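Analysis of the macromolecular model
Here is what each chain is made of, one letter per residue.
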Amino acid sequence: MSNATDKTQPIEVRFRGGGFAPKSRRWVGLAVFVFLIVVMETGTRSGWISALTLPKPSDVFATFGELWESGLLFKHLAPSLSRLAVGAAIGASIGIVVGVLIGLFSYARAGLVPLVAAIFPIPKIALLPLFVIWFGIDETSKYALIAFGTFTPTVVATYGAVDNVDRSLIRMGQSFGLSWFSIVRKIVLPGAMPGILSGLRISLAIAIILLVAAEMLGAEYGIGAYILEAGSLYDLERLFAGVVILSLLGVILSTVIGFIERHLLGWRE
Amino acid sequence: MDIRLDEISHSYGDTEVLRDISLDIPDGKIVCLVGPSGCGKSTLLRLIGGLERASKGRVIQLGAPPEGCLNPLTYVFQDFALLPWRSVRGNISLVLEDHGIKAARADAIISDVLARTKLSDFSKALPRQLSGGMKQRVAIARALAVKPAVMLLDEPLSALDSQTRELLMDDLVALWARQPFTATYVTHNLQEAVRLGHRIVVLSRRPGQIREIVEIDRPLVERQHRNPELEKIQRYLWDLMREEARAADEELLDV
């Protein structure tokens, strides 16, 4: 600063703003997938990835084609999807109800928050034998396992979302003499919706994880059963084909929630 | 309908915020509550509208609310309190739905209040598309929709810039001139108080007590900007409050 030359030489102000504002870059996600698949394909073909480490993506794709043509794909997919739908629907809806109750009532909060905290870290897979005893080996125990697994994250997300609803809006509702029920339906629930939906993203991913676990026991058909069978035979192509289906399922569910968010939460921006 | 405050005292735990406040809010007049920050003026407003319960004393309604009144004591909040997921129209219909007013009847009321607040062209806009001044006009329209007996305005212009504030004061004066309403107006801005208040209640700092009540007789429509008489009153009010405002500013908050 005290240097004489510094005083005479003008220095342009360096730009230091910008960043910290992710923008939508639509095709980058796809490009990452394509890049990884191309690396795997060239690696397995040229031999620097051994056939025991990874299957050839083209072989996986061929297996997938066989599954499709033989009609086995839908034989496996249909029961899995119905288990996922029923289980996740039960778990998420009970979770939202309980979460709202915790968010609204002091006694529900005092009584249920510790219980939810105690249930949350239990690996639900460990309870599978218990569910089989309680609900039998058929579909009910699978629904129960998936429902139980989606329930806890939904509860936590929901009561957090209800807590975050702007209290001044609730006070406004009271000051205009709205009924308790109207305040919950027209102010609390819409206000909590962003938090509930982002919780649902996590819950549904967990539901897919538990779907595979649920199909470990007594399932003839199902994506989970298919993967486990392939795994026990070290049939990597089929294993990967199954895994790809689960991944696709995850991507589709996440897209659906994104669509619902855009539709329902258009007011945000 | 008049409102009478009967020896109201209020404390939060050990902190006494209001002491022995007795006050009449006469029908058709605007009563301004001013005082240094933390003197309990917003708390007093919440007590008047029944959003909080006073530790001692009572708030009494004298006379019946006017016919067609859906919500006798109606607030306008500093932060507007609009539902961001509802349009301007939806925000107003929110307060009508619970009274079973729907479809054509609601439309008539909404169109009327939107016209009175000069918002007719914006009925489909969402709150995020509106400027602060427009949001507060929506909140005022919503308050008018329930035909209140008494409007309780909690620093309604404090979140706005000074130009918007000036415009909205004109709007409030025009609304009152067209159809006089009863209001209690909490503000820390003395310019607003002398512009809109028929009666200005000066509260002391915590615990808030009434220090003085100043009446201004000049009609609202004749209170133009920079009127010397009003400026004199404003200076007088400031002299009353200056020392306390300084002390209140230097006080530690124990919350």
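Residues numbered from 1 in each chain as written. Chains lettered and ligands numbered in written order. Predicted model: local features only at pLDDT ≥ 70, side-chain atom pairs only at ≥ 80, totals over all residues.

Quick notes on the overall build of chain A
The helix and strand inventory of chain A stands at eleven helices and zero strands. Reading the secondary structure of chain A in the N-to-C direction produces α-α-α-α-α-α-α-α-α-α-α. Taking 269 residues into account, the globule formula puts the C-alpha radius of gyration at 18 Å, and chain A, at 25 Å, lies well above it. By its C-alpha atoms, chain A is 70 × 70 × 30 Å across when sized along the principal axes. (Helix = DSSP H or I, 4+ residues; strand = E, 2+ residues; numbered from the N terminus. Rg over C-alpha atoms; globule rule 2.2 N^0.38 Å.)

Regarding the overall build of chain B
Helix and strand content of chain B: seven helices and nine strands. On C-alpha atoms alone, chain B measures out to a radius of gyration of 18 Å, which is about the 18 Å that the 2.2 N^0.38 rule sets for 255 residues. By its C-alpha atoms, chain B is 55 × 40 × 35 Å across when sized along the principal axes. Across the 255 residues that make up chain B, the buried fraction comes to 42%. (Buried ≥ 20, exposed ≤ 12 C-beta atoms within 10 Å, placed from the backbone.)

Regarding the packing of helix α4 (residues 72-104) of chain A against helix α7 (residues 139-163) of chain A
All names here are of chain A. Relative orientation of the contacting elements α4 and α7 amounts to 35 degrees, with a least axis distance of 6 Å. Note on packing geometry: the crossing formed by α4 with α7 is right-handed. Class assignment for the residues of the contact of α4 with α7 results in 19 nonpolar, nine polar and four charged. (Axes fitted to C-alpha atoms, helices over the stretch in contact; angles between N-to-C directions. Left-handed = near helix turned anticlockwise from the far one by under 90°. Nonpolar A, V, L, I, M, F, W, Y, C, P; charged D, E, K, R; others polar.)

Remarks on the domain arrangement of chain B
All names here are of chain B. Here chain B is described as being made up of domain 1 (2-66 + 149-249) and domain 2 (84-147). Its C-alpha centre places domain 1 at a distance of 26 Å from the equivalent point of domain 2. Listed per partner, the contact involves ten residues of domain 1 and seven residues of domain 2. No other element matches the five residues that helix α5 (residues 162-178) contributes to the side of domain 1 that touches domain 2. (Domains from an automatic or database assignment. Contact = placed C-beta atoms within 7 Å.)

Regarding the sheet that holds strand β9 (residues 210-215) of chain B
By way of backbone hydrogen bonds, the strands of a sheet pair with one another, either parallel or antiparallel. All names here are of chain B. Reading across from one edge, β5-β6-β7-β3-β8-β9 is the order of the six strands in this open sheet, with mixed pairing throughout. The open sheet has two free edges, formed respectively by β5 (73-76) and β9, since each of these has just one partner strand. Going across the sheet, the axis of each strand differs from the next one's by a mean of 20 degrees, ignoring polarity. Looking at chain direction, strand β3 (residues 30-34) and strand β7 (residues 182-186) are connected through four bridges and run parallel. Across the sheet, residue Ile30 finds its bridge partner in β7, namely Ala183. (Pairing = 2+ DSSP bridges.)

As for the interface of chain A and chain B
Often, the extent of an interface is quoted as the loss of accessible area upon association of its parts. Facing 16 residues of chain A, the contacting portion of chain B comprises 17 residues. Contributions of two or more residues to the side of chain A that touches chain B are made by α8 (167-175) and α9 (180-214) of chain A. Per element, the largest residue contribution to the side of chain A that touches chain B is six residues, and it comes from α8(A). In the side of chain A that touches chain B, the residues fall into seven nonpolar, six polar and three charged.

Some remarks on the pairing of β7(B)
If a strand is regular, its side chains alternate between the two faces of the sheet. Residue and element names in this part refer to chain B. Burial analysis of β7 places five of its five residues in the buried class, the great majority of the element. Residue alternation in β7 divides its side chains into two sets, Thr182, Thr184 and Val186 and Ala183 and Tyr185, and both sets are buried. Pairing of strand β6 (residues 150-154) with β7 involves five bridges; the strand directions are parallel. Bridge pairing links Met151 to Ala183 in β7. The parallel pair β6 and β7, bridged by α5, forms a crossover whose chirality is right-handed. (Right-handed = clockwise from strand over helix to strand, strands pointing away.)

Quick look at the nonpolar core
Ranked by internal contacts, the top residues of the largest apolar core, which has 122 residues, are A:Ile146, A:Ala207, B:Cys32, B:Ala139, B:Ala141 and B:Ala145. A total of 15 residues in this core trace back to one element, the largest contributor, which is α9(A). In this structure, A:Ile146 is in contact with A:Arg83, A:Leu84, A:Gly87, A:Ala88, A:Gly91, A:Ala207, A:Leu210, A:Leu211 and A:Ala214, ignoring residues within four places of it in sequence. (Core = buried A, V, L, I, M, F, W, Y, C linked by C-beta atoms within 7 Å.)

Comments concerning the packing of α7(A) against α9(A)
All names here are of chain A. Across the interface, α7 lies against α9 with an axial gap of 7 Å and an inter-helix angle of 155 degrees. Between α7 and α9, the interaxial angle falls into the category roughly antiparallel. Every pair of crossing elements has a handedness; the one defined by α7 and α9 is right-handed. Considered class by class, the residues forming the contact of α7 with α9 number 18 nonpolar, nine polar and one charged. (Parallel < 35°, antiparallel > 145°, perpendicular 65-115°, else oblique.)

Thoughts on the environment of A:Leu72
With respect to the helices and strands, the residue A:Leu72 is situated in helix α4. Taking the C-alpha atoms as reference, A:Leu72 lies 35 Å from A:His263; in sequence the two are 191 residues apart.

Focus on the pairing of strand β2 (residues 15-25) of chain B
All names here are of chain B. Where strand β1 (residues 2-12) and β2 come together, seven bridges link them in antiparallel fashion. Across the sheet, the residue bridging to Leu5 is Leu23, located in β2. The hairpin formed by β1 and β2 contains two residues between the paired strands, and Gly13 there has a positive phi angle of roughly 60 degrees.

Let's talk about unusual backbone geometry
All names here are of chain B. Although it is not a glycine, Asp20 sits at a positive phi angle of roughly 50 degrees. Position of Asp20 among the secondary structure elements: in strand β2. We classify Asp20 as partly exposed; it has 14 C-beta atoms within 10 Å. Unusually for a residue other than glycine, Ala103 sits at a positive phi of about 50 degrees. By secondary structure assignment, the location of Ala103 is in helix α3 (residues 103-116).

Points about the environment of A:Ala161
Residues and elements named next belong to chain A. With respect to the secondary-structure elements, Ala161 resides in helix α7. A count of 24 C-beta atoms within 10 Å places Ala161 in the buried class. In this structure, the C-alpha to C-alpha distance between Ala161 and Asp235, residues 74 residues apart in sequence, is 44 Å. What Ala161 contacts, discounting residues up to four positions off in sequence, is Ala192, Pro194, Gly195 and Ile196.

Observations concerning the sheet that holds β2(B)
Residues and elements named next belong to chain B. Taken in spatial order, the three strands line up as β2-β1-β4 in an open sheet, and their pairing is antiparallel. If you trace the sheet from one side to the other, it starts and ends with β2 and β4 (56-62), each paired once. Strand-to-strand twist of the sheet, defined as the mean angle between neighbouring strand axes without regard to direction, takes the value 10 degrees.

Concerning α3(B)
Residues and elements named next belong to chain B. With 14 residues, α3 extends 20 Å between its outermost C-alpha atoms, agreeing within 8% with the 20 Å of an ideal straight helix rising 1.5 Å per residue. Along α3, the residues that are buried comprise Ile109, Ile110, Val113 and Leu114. Down the axis, α3 shows its buried residues gathered within 130 degrees of arc, on one side only. Of the exposed residues in α3, those oriented more than 90 degrees away from the buried face are Ala104, Arg105, Ala108 and Ala115. In this structure, the buried side of α3 is in contact with α2 (88-97) and α4 (132-145). Lys118, located one to two residues past α3, shows a positive phi value of around 55 degrees. (Expected span 1.5 Å × (residues − 1). Arc of directions from axis to C-beta.)

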